[in-house]
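A look at the structure
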Amino acid sequence: MNEQEWLNYALAQMHTGQWFGWKKEDDNGNIIPNDQRMTYANIKIIKDGATIPSEADVNAKIQELKDAEQTAIDKKASGKQKLKDLGLDDAEIKALIG
């Protein structure tokens, strides 16, 4: 995932439902190009009662999600290696876990 996708994913995890969107114009009324809209500065609330988390909280959530993804990757690799150590070949491992 790129950084914009991580930001979107983290924000989606921080409140229930679709609570945020992205500004289309800056404070001066200038159009924000689509490829520049997905930034912390351009978050807008679209659900009553939701609040924008601090940038530090968002960055911490992004890191938490990245760490969880890396842990899953590492565990899958470790599991595959353990199966190889037990004598399974790549075809057998693929048949078991894809």
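Everything in this summary refers to the structure shown in the same document.

Rules behind the numbers
- Position numbers for residues start from 1 in each chain and track the written sequence from start to end.
- The model is predicted, so local features are restricted to residues of pLDDT at least 70 and side-chain atom pairs to those at 80 or more, both for listing and for counting; the totals for chains, interfaces and linings are taken over all residues.
- As a convention, hydrogens and water are excluded, and side-chain values are obtained from all of the structure's heavy atoms.
- Aromatic rings from Phe, Tyr and Trp, taking only the six-membered ring of Trp, are treated as a pair when their centres fall within 6.5 Å; an angle between ring planes under 30 degrees marks them as stacked, one over 60 as edge-to-face, and anything in between as tilted.
- Where helices and strands are cited, they refer to DSSP runs of H or I of at least four residues and of E of at least two residues respectively, numbered from the N terminus.
- Only protein chains enter the calculation, and the probe is 1.4 Å; a residue is then buried if its accessible area is under 20% of its type maximum, exposed if over 50%, and partly exposed in between.
- In these notes, a set of buried Ala, Val, Leu, Ile, Met, Phe, Trp, Tyr and Cys residues joined through side-chain atoms within 4.5 Å is what counts as a nonpolar core.
- We call two residues in contact whenever any of their non-hydrogen atoms come within 4.5 Å of each other.
- Here, a salt bridge means any Lys or Arg side-chain nitrogen found within 4 Å of an Asp or Glu carboxyl oxygen.

For the rest of this paragraph, the subject is the packing of aromatic side chains. With the rule as written, the count across this model stands at three aromatic pairs. When the ring of Trp-6 is compared with that of Tyr-9, the centres are 6.2 Å apart and the planes differ by 55°; the resulting orientation is tilted. One end of the pair, Trp-6, and the other, Tyr-9, are both in helix α1 (residues 3-14), three residues apart, so they sit about a helical turn from each other. On the basis of relative accessible area, Trp-6 is assigned to the buried category, the value being 5%. Tyr-9 gets classed as partly exposed once you look at its relative accessible area, which sits at 35%. On the numbers, 5.5 Å between centres and 80° between planes, the contact of Phe-20 with Trp-22 is edge-to-face.

Let us now look at the nonpolar core. Counting 12 residues, the largest nonpolar core is built from Trp-6, Leu-7, Ala-10, Leu-11, Trp-19, Phe-20, Trp-22, Ile-43, Ala-50, Val-58, Ile-62 and Leu-65. Contributions of two or more residues to this core are made by α1, β1 (20-22) and α3 (55-85). Ranked by residue count, the leading element in this core is α1, at four residues. Contact partners of Leu-7, with chain neighbours within four places excluded, come to Trp-22, Met-38, Thr-39, Tyr-40, Val-58 and Ile-62.

So, on to the pattern of salt bridges. Taken as a whole, this structure holds three salt bridges when the rule is applied. Among the salt bridges present, the one from Asp-90 reaches Lys-84, with a minimum N-O distance of 3.0 Å.

Next up on the list: the side chain of Lys-61. Along the chain, the position of Lys-61 falls in helix α3. If near-sequence neighbours (up to four positions away) are discounted, Lys-61 is found in contact with Ala-10, Gln-13 and Met-14.

Geometric descriptors of this kind do not, in isolation, establish any biological role.
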